[in-house]
Amino acid sequence: MAAARPRPQRLERPFSQNGEREGRERPSEFGPAPEDSEGQLATLRAGARPGEEAAVALATTREKEGGRGLGGISAPRVSPCREDRGRARARRESSAGGERDRSGPSTPVPKPLSRLLVAVLKAMAEVHVIGQIVGATGFSESSLFCKWGVHTGAAWKLLSGVREGQTQVDTPQIGDMAYWSHPIDLHFATKGLQGWPRLHFQVWSQDSFGRCQLAGYGFCHVPSSPGTHQLDCPTWRPLGSWREQLARAFVGGGPQLLHGDAIYSGADRYRLHTAAGGTVHLDLGLLLRHFDRYGVEC
């Protein structure tokens, strides 16, 4: 009987099935270091059986191509510069968020409110005009409407309200007065009395075909004393030549001013030939504030 061949001893793998090294701590989740992988491959080549050489060669190929460890775990390549940039960006965002929390939400201030605050801080004198354009009388035309506006100097600032407007068309049924009852609400701030507000008007008439022709121009100063006031503003219109007057009587229309500022500025009005028109009636209330700081008694 032949003697039995001694069975070669099987070398233990440096890793068990659960990926733990015997006698050593468990490798990191990013895989073993490159020098450890080379040592493990050398150990496997030395102690591998003839049938296991192909598996060792395959593991070596994967180690070189894909950067995989022996445990089948790939080591992700993270750029240190990219990681540092990400951490810096996170720190900046957290610091910016803290600053926003400390400062609180920013709410924009409306323009009329901001202008009012500037006027209060600078202690400017204020004028508040509240009233209405009641209507007009004395016009030969019917179906009247009025375009109005306010003119001030350079030292005046409009805090609230509108500088111009237009009334509705009114056809008198009883009497000759056209009622408009158009509201006026103006709030000014000023540093001086020069350029006190002036109201200017353009009264127009409308026929049955919707054609409009001028009935009269006029202007008046806003009162300078506080309280309620009833104003009567007379109007006028350019007369023109006899041909223009004849055309106005039969066809309509008539001469008009090229520049609206000629209504309230007397620089060029002496050259005009005009005819009297009707009267515009107003009810105004005036409030004054901080004029005592400029030596003006109200």
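From a predicted model like this one, the values you see are computed outputs, not experimental measurements.

1. A word on the packing of aromatic side chains
Then step 1. For the structure shown, the criterion picks out 4 aromatic pairs.
Then step 2. Plain terms: the ring middles of Trp196 and Phe291 are 6.2 Å apart, the flat faces sit at 50 degrees to each other, and that makes the pair tilted. Of this pair, Trp196 sits in the loop between strand E5 (178-190) and strand E6 (198-206) while Phe291 sits in the segment after strand E9 (274-289), and the two are 95 residues apart along the sequence.
Then step 3. Site record: aromatic cluster; members linked through ring pairs are Trp156, Phe188, Trp196 and Phe291.
Then step 4. A cation over a ring is seen here: Lys147 above Trp204, with NZ or CZ 5.2 Å from the ring centre.

2. Comments concerning the environment of Ala136
Then step 1. Within the secondary structure layout, Ala136 lies in strand E1 (residues 125-137).
Then step 2. Sequence separation between Ala136 and Trp180 is 44 residues; the distance between their C-alpha atoms is 8.2 Å.
Then step 3. Apart from residues lying up to four places away in sequence, Ala136 is in contact with Asp176, Met177, Ala178, Trp180, Thr279, Val280 and His281.

3. Describing the pattern of salt bridges
Then step 1. Tallied over the full model, the rule gives 2 salt bridges.
Then step 2. Glu126 is the partner of Arg289 in a salt bridge, and the nearest nitrogen-oxygen pair spans 3.7 Å. Of this pair, Arg289 sits in strand E9 while Glu126 sits in strand E1, placing them 163 residues apart in sequence.
Then step 3. In this structure Glu126 comes out as buried when scored by relative accessible area, which is 5%.

4. Side note on the pairing of E9
Then step 1. Note: E1 against E9, 11 bridges, orientation antiparallel. For Gln132, the partnering residue across the bridge sits in E9 and is Asp283.
Then step 2. The pairing of strand E8 (residues 227-238) with E9 spans 11 bridges and is classified as antiparallel. By the bridge assignment for E9, Leu231 is matched with Leu282.

5. Looking at the environment of Tyr217
Then step 1. Topologically, Tyr217 is positioned in strand E7 (residues 212-221).
Then step 2. On the basis of relative accessibility, which here comes to 3%, the residue Tyr217 falls in the buried class.
Then step 3. For Tyr217 and Gln202, which are 15 residues apart along the polypeptide, the C-alpha to C-alpha distance reads 4.8 Å.
Then step 4. Every residue in contact with Tyr217, bar those within four places of it in the chain, is listed here: Phe201, Gln202, Pro234, Thr235, Trp236, Pro238, Gln256, Leu257 and Ile263.
Then step 5. A distance of 3.2 Å separates the side chain of Tyr217 from the backbone nitrogen of Leu257, its partner in a polar contact.

6. A look at the side chain of Glu141
Then step 1. Structurally, Glu141 is set in the loop between E1 and strand E2 (144-151).
Then step 2. Only 3.4 Å separates the side chain of Glu141 from the side chain of Ser140, close enough to count as a polar contact.
Then step 3. Not counting chain neighbours up to four residues away, the residues in contact with Glu141 comprise Ser205, Gln213, Ala215 and Arg248.

7. Focus: the pairing of E2
Then step 1. Of all 8 residues making up E2, 6 are buried, and the element is well covered by its neighbours.
Then step 2. In this sheet, E6 lies alongside E2 in antiparallel orientation, the contact comprising 8 bridges. Among the inter-strand pairings, His151 is bridged to a residue of E6, identified as Arg198.

8. Things to note about the confidence of the model for the protein chain
Then step 1. Across the protein chain, pLDDT averages 75, with 60% of residues at or above 70.
Then step 2. Note that residues 19-35 has pLDDT below 50 and, in this model, 18 contacts with residues that lie over four places away or in other chains.
Then step 3. Between residues 66-76, whose pLDDT stays under 50, and residues either more than four places distant or in other chains, the model counts 17 contacts.

9. Overview of the environment of Gly278
Then step 1. By secondary structure assignment, the location of Gly278 is in strand E9.
Then step 2. On a C-alpha basis, the gap between Gly278 and Thr137 in space is 5.6 Å, while along the polypeptide they are 141 residues apart.
Then step 3. Leaving out residues up to four positions away in the same chain, Gly278 has contacts with Thr137, Gly138, Phe139, Cys233, Pro234 and Thr235.

Here is what the cut-offs are and how they apply
Residues numbered from 1 in each chain as written. Predicted model: local features only at pLDDT ≥ 70, side-chain atom pairs only at ≥ 80, totals over all residues. Heavy atoms only, no water. Phe/Tyr/Trp six-rings, centres within 6.5 Å; stacked < 30°, edge-to-face > 60°. Helix = DSSP H or I, 4+ residues; strand = E, 2+ residues; numbered from the N terminus. Lys NZ or Arg CZ within 6 Å of the ring centre and 35° of its normal. Contact = heavy atoms within 4.5 Å. Salt bridge = Lys/Arg side-chain N within 4 Å of Asp/Glu carboxyl O. Buried < 20%, exposed > 50% of the residue type's maximum accessible area, 1.4 Å probe, protein only. Pairing = 2+ DSSP bridges. Polar contact = N/O pair within 3.5 Å; in protein donor to acceptor, adjacent residues only side chain to side chain. pLDDT = per-residue confidence, 0-100.

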